[in-house]
Amino acid sequence: MNLTQYLPAAPRLSNQPLAHLGQRLLARLALWQQRARTRRQLAQLDARLLADAGISPAARTEEVAKPFWRE
């Protein structure tokens, strides 16, 4: 099961002007923070809630083990 479908995708860097670098950096930091928070919350779910969401314990373990910067 790929749980990354529930996490927002990383913004793609393009040839935007350097002036937008700060905005892209802030967006990336916010995305990383959201991933870390979501994975912490996933780690706290009990077996009943995991089953309700259709997530196996193995899938949870795999997702929680990912670093925040990985999709």
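Before reading on, note that the structure itself is shown above.
These remarks concern the structure in this document.

### Comments concerning the pattern of salt bridges
Part 1 of the reasoning: Inspection of every chain in the model, using the stated rule, returns three salt bridges.
Part 2 of the reasoning: The salt bridge involving glutamate 63 is made with arginine 39; its shortest N-O contact spans 2.9 Å. Here glutamate 63, found in helix α3 (residues 57-65), pairs with arginine 39, found in helix α1 (residues 21-44); they are 24 residues apart in sequence, far enough to count as distant.
Part 3 of the reasoning: The class for glutamate 63 is buried, based on a relative accessible area of 4%.
Part 4 of the reasoning: Among the ionic pairs, aspartate 52 bridges to arginine 48, the shortest N-O distance being 3.5 Å. Placement of both aspartate 52 and arginine 48 in helix α2 (residues 47-53) is noted, with a separation of four residues, approximately one turn of the helix.
Part 5 of the reasoning: Since its relative accessible area comes to 58%, aspartate 52 is described here as exposed.
Part 6 of the reasoning: One connected set of salt bridges, linked through shared partners, spans Arg39, Glu63 and Lys66.

### Let's talk about a nonpolar patch on the surface
Part 1 of the reasoning: Taken together, the side chains of Leu25, Leu26 and Leu29 make up a nonpolar region of the molecular surface, amounting to roughly 300 Å² of accessible area.
Part 2 of the reasoning: For leucine 29, a relative accessible area of 41% puts it in the partly exposed group.

### Considering α1
Part 1 of the reasoning: Between its terminal C-alpha atoms α1 stretches 35 Å, which fits the 34 Å expected from 24 residues at 1.5 Å a residue.
Part 2 of the reasoning: Summarising the contacts, the buried residues of α1 are in contact with α2 and α3.

Procedures and definitions
Residues numbered from 1 in each chain as written. Predicted model: local features only at pLDDT ≥ 70, side-chain atom pairs only at ≥ 80, totals over all residues. Heavy atoms only, no water. Salt bridge = Lys/Arg side-chain N within 4 Å of Asp/Glu carboxyl O. Helix = DSSP H or I, 4+ residues; strand = E, 2+ residues; numbered from the N terminus. Buried < 20%, exposed > 50% of the residue type's maximum accessible area, 1.4 Å probe, protein only. Patch = residues over 30% accessible without salt bridge, like charges linked within 9 Å, V, L, I, M, F, W, Y side chains within 5 Å. Areas by Shrake-Rupley, 256 points an atom, 1.4 Å probe, with all protein chains shown as cover. Expected span 1.5 Å × (residues − 1). Contact = heavy atoms within 4.5 Å.

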